[in-house]
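Breakdown of the fold
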Amino acid sequence: MKLPVIKQLSSFIESNDEDYVLEAIETLEAITEVPSLKDEELDVIGELISNMYGALEVNKMIKEDGMSQKEAVNAFMKRVLGSIDK
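What counts and how
- Residues numbered from 1 in each chain as written.
- Predicted model: local features only at pLDDT ≥ 70, side-chain atom pairs only at ≥ 80, totals over all residues.
- Heavy atoms only, no water.
- Helix = DSSP H or I, 4+ residues; strand = E, 2+ residues; numbered from the N terminus.
- Buried < 20%, exposed > 50% of the residue type's maximum accessible area, 1.4 Å probe, protein only.
- Axes fitted to C-alpha atoms, helices over the stretch in contact; angles between N-to-C directions.
- Parallel < 35°, antiparallel > 145°, perpendicular 65-115°, else oblique.
- Left-handed = near helix turned anticlockwise from the far one by under 90°.
- Contact = heavy atoms within 4.5 Å.
- pLDDT = per-residue confidence, 0-100.
- Salt bridge = Lys/Arg side-chain N within 4 Å of Asp/Glu carboxyl O.

**Describing the side chain of Asn59**
By the element assignment, Asn59 lies in helix 3 (residues 39–65). Of the residues examined, Asn59 reaches a relative accessible area of 3% and is grouped as buried.

Shown next, in the form of structure tokens:
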């Protein structure tokens, strides 16, 4: 996951709507079913999808918990890093 990408996507969601990101995720997931894709291409698509889901989670924390974007991003990354350490 790339923190700058998650921040950018989070700002995009705030300015627009999360439905755009959800539809982009669905599109990328559909592309992954192309049999001729190489592993490297699948890795890139997977990274994009991961960052998009991260931005949706950050947006959820902002809406539901009243956090600032900075607080939500930091809390999200701590959670991600905590799950990696286990």
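**Quick word on the packing of helix 1 (residues 3–15) against helix 3**
Running from amino to carboxyl end, helix 1 crosses helix 3 at an angle of 55 degrees, the nearest separation of the two axes being 8 Å. Comparing the axis directions of helix 1 and helix 3 gives the class oblique. Crossing hand, helix 1 versus helix 3: right-handed. Across from Val5, Ile6, Leu9, Ser10, Ile13 and Glu14 in helix 1, the residues of helix 3 making contact are Asn51, Met52, Gly54, Ala55, Leu56, Val58, Asn59 and Ile62.

**Some thoughts on the confidence of the model for the chain**
Considering every residue of the chain, the mean pLDDT works out to 93; 98% of them sit at 70 or more. Of all the helices and strands in the chain, helix 4 (residues 69–85) carries the lowest mean pLDDT, 85, while helix 2 (residues 18–31) carries the highest, 98.

**What to know about the pattern of salt bridges**
A side chain with one charge may pair with a side chain of the opposite charge, provided their charged atoms come close. The full count for this structure, using the stated rule, is one salt bridge. The salt bridge involving Arg79 is made with Glu57; its shortest N-O contact spans 3.4 Å. Highlighted residues: Arg79 in helix 4 and Glu57 in helix 3, separated in sequence by 22 residues. Note on Arg79: relative accessible area 44%, which makes it partly exposed.

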